[in-house]
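Listed below, chain by chain, are the residues.
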Amino acid sequence: MKYSIFSLARNALSYHERWPLAWRSPRAKSRYDVVIVGGGGHGLATAYYLAKEHGISNVAVLEKGYLGGGNTGRNTTIVRSNYHLDPNAHFYEMSLKLWEGLSRDLNFNVMYSARGVLNLCHSPADIDAAMRRGNAMRLNGIDAQFLSRDDIARRIPNLDCSPQARFPIQGGLLQPRGGTARHDAVAWGYARAADARGVDIIQQCEVTGIRVDNGAVAGVETTQGFIAAGKIGLAVAGHSSRLAAMAGIRLPIESHTLQALVSDPVKPVLDTVVTSGAVHFYISQSDKGELVMGGDLDFCNSYAQRGNLPMIEHVIAACLALFPSFGRLKVMRTWGGVCDMSMDGSPIIGLLPVKGLSMTGGWCYGGFKATPASGWLHAYTIARGEPHHLNAAFALDRFERGEVIDEKGAGPTPWAH
Amino acid sequence: MLLIPCPWCGARAQIEFTYGGDATLQRPAVDATETDWVQYVFLRDNPAGAHQELWQHSAGCRQWLRVSRDTRTHEILESAPAVEASPGDAR
Ligand SMILES: Cc1cc2nc3c(=O)[nH]c(=O)nc-3n(C[C@H](O)[C@H](O)[C@H](O)COP(=O)(O)OP(=O)(O)OC[C@H]3O[C@@H](n4cnc5c(N)ncnc54)[C@H](O)[C@@H]3O)c2cc1C
Ligand SMILES: [Zn+2]
């Protein structure tokens, strides 16, 4: 069924009790052309674009829990393409362009809101770096604007722009087309659209092994039995190392927990996404009115996906230094998500050294915004058996070739990115 | 937050420590192959389970520890001096 004003009116007449389910829950077949592991945004988007762009619809998405229960449903929903290095700029800009048309394409409101993403500068060195990045963005055709302290004070009145501030604000780099989107809607929208094109979405189905015959994948062992497939795509966020290890591959990745929290909901007080690299803090207001903020890693390897008070205290301290008036709010909820921290801070999207196996992962702090382009390019790579020019630079072998994409220049320490 | 047993100072809060990462990495010889170096610099086992890792008690005795910790539960299985030295040497 197409969602529209008419379907809404029609279903209002039956008190919204007759809406059809948004997707089927079929039993897994014994064989598929392609199996995608991971029912987050990236896995579901990969399946959707396989069906839509390449006519490959004999596809299953296997999810060990429920759709979007991983980082897709845990992230702070910032969408942007304000990167310096060319491969990142082109890739994230492709993604942002897809975001701009996504609700219409999926016939599902993903609530993409181009409210602007502002990176604060607290020192002359910050300003130099922001100018350099802003100029690089503009050369790549991406919107970027430098704001003075006065511009910022006018735009965001509750931000402490006084010279006495703990971290005095000297300017900022704004990407006006950056913003937020609704995380759950992205998983649900892609799931519904993929299902409509014949993709089987199988929840509560954990992949426990990858069967490899003569150097090529033959299928996956799961908690619902063996499923044969000639091509397997991994989209498992913080668990990429575990899945790759099932095929005998070691990755340049460590798993770390990233923290976030929301305040109780209040009336609109903040209409821009504000970030500060100096204190590693970012904040936005959700449509429900909560202030959504984060966050750093716990800084030790973890698959535990749990909160951590010292890090939450750090986030709140940064919040109050920048927005003193938010001290009256209460913390409503805190949580953590397990992220793939890659050795250069950039993702791995491409083929793996076992025939038929590919992955999209290594997202570090920021793979939600990448969801549409990651799915599109992963699907292309699976269908064609080779990467598109926009993901060729994100190949796994870039590490041995010495062609790392280290946006921050932090070196091979995964928790430093 | 972790409570990390320091062999010199006893159980202390995680915020007193700095993480040093995977303790099993062996620095290759200078003339080792490129593959050895790639593995050392970039590749990690990243286990879900017992992980051998380094911590420095940076806001305490400043010694380096080798800790075995379960990455699924955060349970600390073992904690010992990173180099072969007895806690008595620190005095
Ligand atoms: C606190 C936090 C804040 C973040 N903030 C932002 C942000 O503001 N902007 C941004 O762009 N990014 C952000 N990110 C990163 C972003 O959330 C992720 O990069 C992105 O959601 C990854 O999507 P995914 O589909 O790959 O992963 P997920 O949604 O995690 O999906 C992977 C799925 O794989 C499943 N899975 C794992 N192992 C198996 C198995 N063996 N068998 C079957 N299924 C399996 C998991 O259950 C999971 O559902 C944030 C992350 C966190 C944790
Ligand atoms: Zn000590």
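The structure presented is a predicted model; accordingly, all values stated were derived computationally and were not measured. (Residues numbered from 1 in each chain as written. Chains lettered and ligands numbered in written order. Predicted model: local features only at pLDDT ≥ 70, side-chain atom pairs only at ≥ 80, totals over all residues. Heavy atoms only, no water.)

## Quick notes on the overall build of chain B
Looking only at helices and strands, chain B features one helix and six strands. Listing every helix and strand of chain B by position from the N terminus yields β-β-β-α-β-β-β. In terms of principal-axis extent, the alpha carbons of chain B reach across some 40 × 35 × 20 Å. Each of the 91 residues in chain B was classed as buried or not, and the buried ones make up 33%. Residue pairs at least 24 apart in sequence account for 46% of intrachain contacts in chain B once pairs closer than 6 positions are excluded. Here chain B displays about 5200 Å² of accessible surface, and carbon together with sulfur accounts for 49% of that area. The average position of the 8 basic charges and that of the 12 acidic charges among the side chains of chain B differ by 7 Å. (Helix = DSSP H or I, 4+ residues; strand = E, 2+ residues; numbered from the N terminus. Buried < 20%, exposed > 50% of the residue type's maximum accessible area, 1.4 Å probe, protein only. Contact = heavy atoms within 4.5 Å. Areas by Shrake-Rupley, 256 points an atom, 1.4 Å probe, with all protein chains shown as cover. Lys, Arg positive; Asp, Glu negative; His and termini not counted. Charge placed at Lys NZ, Arg CZ, Asp CG, Glu CD.)

## Comments concerning the overall build of chain A
Helix and strand counts for chain A come out as 10 helices and 18 strands. By the compact-globule yardstick of 22 Å for 417 residues, chain A fits well, its C-alpha radius of gyration being 21 Å. When the backbone C-alpha atoms are referred to their principal axes, chain A occupies close to 65 × 60 × 40 Å. Within the span of chain A, comprising 417 residues, buried residues form 56% of the whole. (Rg over C-alpha atoms; globule rule 2.2 N^0.38 Å.)

## Considering the sheet that holds strand E4 (residues 50-56) of chain B
All names here are of chain B. If you trace the four strands from one edge of the open sheet to the other, you get E3-E4-E5-E6, paired in antiparallel fashion. Two strands bound the open sheet, and with one partner strand each, they are strand E3 (18-22) and strand E6 (76-81). Strand-to-strand, the axes of this sheet are offset by a mean angle of 25 degrees, without reference to chain direction. (Pairing = 2+ DSSP bridges. Axes fitted to C-alpha atoms, helices over the stretch in contact; angles between N-to-C directions.)

## Some thoughts on the interface of chain B and chain A
Contacts between chain B and chain A engage 25 residues on the former and 25 residues on the latter. Both sides of the chain B and chain A interface together cover about 2100 Å² of buried area, and 54% of this is carbon and sulfur. Where chain B packs against chain A, one counts two salt bridges. A salt bridge links A:Arg250 to B:Asp45; the nearest nitrogen and oxygen atoms lie 2.8 Å apart. Remark: the boundary between chain B and chain A carries 14 residue pairs in polar contact (both at pLDDT 80 or more). Looking at the side of chain B that touches chain A, the elements that each hand over two or more residues are E3, helix H1 (34-42) and E4 of chain B. When residues in the side of chain B that touches chain A are grouped by element, the largest group, five residues, is from H1(B). Of the residues in the side of chain B that touches chain A, the class split is 11 nonpolar, nine polar and five charged. (Buried area = accessible area lost by both parts, 1.4 Å probe. Salt bridge = Lys/Arg side-chain N within 4 Å of Asp/Glu carboxyl O. Polar contact = N/O pair within 3.5 Å; in protein donor to acceptor, adjacent residues only side chain to side chain. Nonpolar A, V, L, I, M, F, W, Y, C, P; charged D, E, K, R; others polar.)

## So, the side chain of A:Asn119
Residues and elements named next belong to chain A. With respect to the helices and strands, the residue Asn 119 is situated in strand E4 (residues 117-121). A polar contact of 3.1 Å, which involves the side chain of Asn 119, links it to the side chain of Asn 82. If we skip the residues at most four places from it in the chain, Asn 119 touches Asn 82, Arg 133, Gly 171, Gly 172, Leu 173 and Thr 275.

## Some points on the layout of surface pockets
As a volume, the second largest pocket reaches approximately 500 Å³. A domain-level breakdown of the lining of the second largest pocket finds at least three residues from each of domain 1 (24-81 + 83-108 + 183-253 + 344-410) and domain 2 (117-179 + 255-341) of chain A. (1 Å grid on protein atoms, 1.4 Å probe; cavity = no way out; pocket = protein on both sides within 12 Å on 5 of 7 lines; lining within 4 Å. Points joined across faces, edges and corners; volume = space filled by probe spheres on them. Domains from an automatic or database assignment.)

## Regarding helix H6 (residues 183-196) of chain A
Residue and element names in this part refer to chain A. End to end, H6 covers 20 Å across 14 residues, agreeing with the expected 20 Å (1.5 Å per residue, within 8%). The buried count for H6 comes to 11 of 14 residues, which makes it a mostly enclosed element. Among the structural elements, helix H2 (41-54), helix H3 (86-106), strand E8 (200-202) and helix H9 (371-384) are those in contact with the buried residues of H6. Count one or two residues on from H6 and you reach Gly 198, which has phi positive near 100 degrees. (Expected span 1.5 Å × (residues − 1).)

## A short note on the pairing of E6(B)
Walk down a regular strand and you will see the side chains alternate between the two sheet faces. All names here are of chain B. Taken together, the five bridges between strand E5 (residues 64-70) and E6 define a ladder with antiparallel strand orientation. Counted as the bridge partner of Arg 66 is Ala 80 from E6. Counting the residues between successive antiparallel strands, the hairpin from E5 to E6 contains five residues, one of them, His 74, with a positive phi of roughly 70 degrees.

## Section: the domain arrangement of chain A
Residue and element names in this part refer to chain A. On domain assignment, one finds that chain A holds domain 1 (24-81 + 83-108 + 183-253 + 344-410) and domain 2 (117-179 + 255-341). Distance between the C-alpha centres of domain 1 and domain 2: 28 Å. On the domain 2 side, the residues contacting the 31 residues of domain 1 number 33 residues. Both faces combined, the contact of domain 1 with domain 2 buries some 2600 Å², and carbon together with sulfur accounts for 53% of it. Our count for the domain 1 to domain 2 interface comes out at two salt bridges. The salt bridge involving Glu 100 is made with Arg 177; its shortest N-O contact spans 2.9 Å. Where domain 1 packs against domain 2, one counts 16 residue pairs in polar contact (both at pLDDT 80 or more).

## Observations concerning the site of ligand 1
All names here are of chain A. The environment of ligand 1 is formed by 36 residues, the closest being Glu 63, Asn 71, Thr 72, Thr 76 and Lys 369. Contact between ligand 1 and Glu 63: an oxygen atom at 2.7 Å from a side-chain N or O atom of the residue. Residue Lys 369 places a main-chain N or O atom 2.8 Å away from an oxygen atom belonging to ligand 1. Elements represented by at least two residues in the shell around ligand 1 include exactly H2, strand E12 (253-263) and strand E16 (331-342). Lining the shell around ligand 1 are residues from two domains, each supplying at least three of them: domain 1 (24-81 + 83-108 + 183-253 + 344-410) and domain 2 (117-179 + 255-341). (Near = heavy atom within 4 Å.)

## A short note on unusual backbone geometry
Residue and element names in this part refer to chain A. In this model, Gly 294 is joined to Gly 295 through a cis peptide bond whose omega is -20 degrees. Its location among the elements puts Gly 295 in strand E15 (residues 291-301). A positive phi angle is found at His 280, which is not glycine, with a value near 45 degrees. Positionally, His 280 belongs in the loop between strand E13 (273-276) and strand E14 (281-285).

## A few points about the sheet that holds E12(A)
Residues and elements named next belong to chain A. The strand order across the open sheet built from eight strands is E5-E6-E4-E13-E14-E15-E12-E16, with neighbouring strands paired in mixed fashion. Because the sheet does not close on itself, it has two edges, and the strands there are strand E5 (145-148) and E16. Taken over all neighbouring pairs, the strand axes of this sheet differ in orientation by 25 degrees on average, direction set aside. The pairing of E13 with E14 spans three bridges and is antiparallel. Looking at the pairing, Thr 275 lines up with Tyr 282 of E14.

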